[in-house]
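# Chains, contacts and geometry: an overview
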Amino acid sequence: MGFPHPSHPKETPVLSKYFGDAAARSFRGWVERGGYEGLKKALGMTPEAVVEEMKASGLRGRGGAGFPTGLKWSFMPKDDGKPHYLVCNADESEPGTFKDREIMRWTPHALIEGCAVGCHAIGAECCYIYIRGEFTEPWHVMSAAVEEAYAHNALGENVFGSGKRIEVVLHRGAGAYICGEETALMNSLEGKRGNPRIKPPFPAQAGLFALPTTINNVETLAAVPHILTRGAAWYKGLCLGNPKSTGTKLISVCGHVMRPGNYEITLGTPMKELIFDMCGGMRPGRTLKAVIPGGSSVPLMTPEEVDQCATDYEGIVACGSMLGSGGMIVMDDSTDIVYEIYRLAKFYAHESCAQCTQCREGTAWTTKILARILSGQGKSSDLDLLLDLSENMTGKTICVLSDSCAAPIVSGIQKFRADFEAYLSRATAPVLALA
Amino acid sequence: MTAGTAGVGAGEGGGVEAHHDAPHVPIFAGKVKERLDALFPKYPTKQACLLPALWMAQEARGWISPGALTEVAAVLGLTPAYVRGVVTFYTMYHTHPVGRHFIQVCTTSPCHLCGSDDVLTALLRETGCGELGATSADGRFTVIEVECLGACGFPTPILIGDDFIESVTPERISGILQGYK
């Protein structure tokens, strides 16, 4: 549902059905709502059959990359005699995204159940859930739920009498956006600085503690029990014309809409329906200027692109951006696009781990150039310079933080060039004073 | 001792900032040690308990003092230099003393679009901190800007200590601050 607002008729509440329902947080409350049936079913299946079920459902990673979940699980080695790990990425920090927080606050057992199913499927006995340090309330809700799950044998030495051992351990981050990158998260969990690792080796070969590891986003794992309970065919049927994008997706909508919140849509829903019907459109007297549809790391979209866009993995790519994490930042005509892009660049400059030169220098330089433009001292060559730097920041580093900084800059200049030029020509008054 | 002078070398020990830690009570004793010991079996290495151990140290001392850092290193079999490298990577560990109530204000783009600058200005004024990172004269508050708190639909979210408060507006601030003495 469009939490904190009542569910909109155009939504498909699966994961969000019990957002706001405090009784769903307890073990008993979750069981009364059909919870833990998926795990029981999975425990009666072979791990291979669970993986096949995920493949058949079409579920793709909800953290940003959109990689097929069943395929990812199938990469784990079989009968290698080594301990395997499942890691749940709950380091939700992508600007614009606030869905995993609500899943953990309202339906903690959905996530625990998904983690337990995942462990069974990939042959792991232990799942670490890495929760960002700032998420204090989700931490407390999850802690209580894990304790209850152990007390009811949904976790522990002998899960529901199956003879399977499944442990879930919560691990608290300490403030670092980059730890949402999967290999940085693993380093952080190991008690190191959160620097991303070079791939290969991929996590399925050598991940956490150099052992085979699968890492999934909170929303991905929370969808797993529903798929097992109701069947892959049901999930695959939640689809509006594009068979590559199936199921529901939580879209966190923020910024200049009347009703910001988490909207659960069937993938493929027209973006204009989401923004103008479900979210109530713009504030009175305002018109849409731009949308960043997938968290701050993806290109900006114009109103024309929004108008014809189907909200799914391929649909948004066709309209010049990406679904990403589903964090949708909506900006109306009062927005200073140049300033907001500067603010995003500043975010990436702050969060760069500084391993790679292109990122360490590029995020800082682009931030400085954007500040110069906003202070009225931009040079006519600055836009070309920004594009040149952005090119050197794309596809050349260990992780994609650098690319993420470049995406809004490049798309901003391409699609809203007049806004930049107005600062360069002094038609727009400076808004920053250079230090 | 300020952050700028809090250099820690291996073997320097915890005594250098005795005026902060005196009388010396070890962090990892009694209940805290029990909590840490309970974590060890959950991980294949002791080092993996570094972030949790640092959280315990900060809870005990209010910040990661040079002495606290040395104690964390000792209990995990790491060097203080290594631990300092990790501490400085993460923004939530304080490398210098802060006010009793540490306030983090989200000002990243989604919140900025909805007026977080005004919330920040009002907080700096009403806490008496005046500037980012400074502690108010009465020792009550320290205010910092934080990057995306992950509650963009409820602008502006702030964290006061462990209390996550959504939808903060300049008008709400004096009422909120009254709850933090």
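Residues numbered from 1 in each chain as written. Chains lettered and ligands numbered in written order. Predicted model: local features only at pLDDT ≥ 70, side-chain atom pairs only at ≥ 80, totals over all residues. Heavy atoms only, no water.

### Examining the overall build of chain B
The following threshold applies: Each helix is a run of DSSP H or I of at least 4 residues and each strand a run of E of at least 2, with the numbering of both proceeding from the N terminus. Partly exposed describes any residue whose relative accessible area lies between the buried limit of under 20% and the exposed limit of over 50%, with all areas from a 1.4 Å probe on protein chains only and scaled to the type maximum. Here a residue-residue contact requires only that any non-hydrogen atoms of the pair lie within 4.5 Å. Note on areas: Shrake-Rupley, 1.4 Å probe, and residue coverage restricted to the protein chains presented here.
When you go through chain B residue by residue, the secondary structure sums to eight helices and four strands. When the helices and strands of chain B are read in sequence order from the N terminus, they spell out α-α-α-α-α-β-α-α-β-β-β-α. Within the span of chain B, comprising 181 residues, buried residues form 51% of the whole. At a minimum sequence separation of 6, the contacts of chain B that also span at least 24 residues come to 61%. For chain B, the accessible surface area stands at approximately 7,400 Å², while carbon and sulfur atoms represent 55% of it.

### Section: the nonpolar core
Just so we agree on the cut-off: Buried Ala, Val, Leu, Ile, Met, Phe, Trp, Tyr and Cys residues form a nonpolar core when they are joined through side-chain atoms within 4.5 Å. Domain delimitation in this document rests on an assignment produced automatically or drawn from a domain database.
Among the nonpolar cores identified, the biggest contains 156 residues, and I129 of chain A together with Y90 of chain B are the most heavily contacted of them. Viewed by domain, this core spans two of them, domain 1 (8-96) and domain 2 (101-177) of chain B, each represented by three or more residues. Contact partners of I129 of chain A, with chain neighbours within four places excluded, come to C88, A90, L111, C115, M142, V168, V169, L170 and H171 of chain A. Ranked by size, the runner-up nonpolar core spans 23 residues in total, among them I251, M271, V306 and M328 of chain A.

### Focus on the environment of G38 of chain A
Residues and elements named next belong to chain A. Mapping G38 onto the fold places it in helix α2 (residues 37-43). When the C-alpha atoms of G38 and V306 are compared, they prove to be 37 Å apart, with 268 residues separating the residues in sequence. With residues near it in sequence (within four places) discarded, G38 still touches E113, V117, P225, L228 and T229.

### Focus on helix α5 (residues 80-87) of chain B
Residue and element names in this part refer to chain B. Basically, it comes down to this: Directions pointing from the helix axis toward each C-beta atom define the arc.
For α5, the full list of buried residues reads P80, V83, V86 and V87. What you see down the axis of α5 is that its buried residues fit within an arc of 120°, all on one side. Of the surrounding secondary structure, the elements contacted by the buried residues of α5 are α3 (50-61) and α4 (66-76).

### Let's talk about the domain arrangement of chain B
Domain parsing of chain B yields domain 1 (8-96) and domain 2 (101-177). Computed over C-alpha atoms, the centres of domain 1 of chain B and domain 2 of chain B are 28 Å apart.

### Observations regarding helix α5 (residues 99-106) of chain A
Most of α5 of chain A sits out of view: eight of its eight residues are buried. All of the buried residues in α5 of chain A are K99, D100, R101, E102, I103, M104, R105 and W106 of chain A.

### A look at the sheet that holds strand β1 (residues 85-90) of chain A
Residue and element names in this part refer to chain A. What counts here: At least two DSSP bridges between two strands are required for those strands to pair. All axes here are fitted lines through C-alpha atoms, helices being fitted over the stretch that makes contact, and every angle between N-to-C directions spans 0 to 180 degrees.
Judged by pairing direction, the sheet is parallel, and its four strands sit side by side in the order β3-β2-β1-β4 without closing on themselves. A single partner strand is all that each edge strand has here, and the edge strands are β3 (167-172) and β4 (213-217). In this sheet, neighbouring strand axes are inclined to one another by 20° on average, regardless of whether the strands run parallel or antiparallel. As paired elements, β1 and β4 share five bridges and run parallel to each other. Its bridge partner being in β4, N89 is matched across the sheet by N217.

### Concerning the side chain of H109 of chain A
All names here are of chain A. We count it as follows: Any pair of nitrogen or oxygen atoms within 3.5 Å is treated as a polar contact; in protein, a donor-acceptor pairing is required on top of that, and neighbouring residues in sequence qualify only through side-chain atoms on both sides.
Relative to the helices and strands, H109 resides in helix α6 (residues 108-122). A distance of 3.4 Å separates the side chain of H109 from the backbone oxygen of R25, its partner in a polar contact. A distance of 3.3 Å separates a polar atom in the side chain of H109 from the backbone nitrogen of F27. Leaving out residues up to four positions away in the same chain, H109 has contacts with R25, S26, F27, W30, Y36, A145, E148 and A149.

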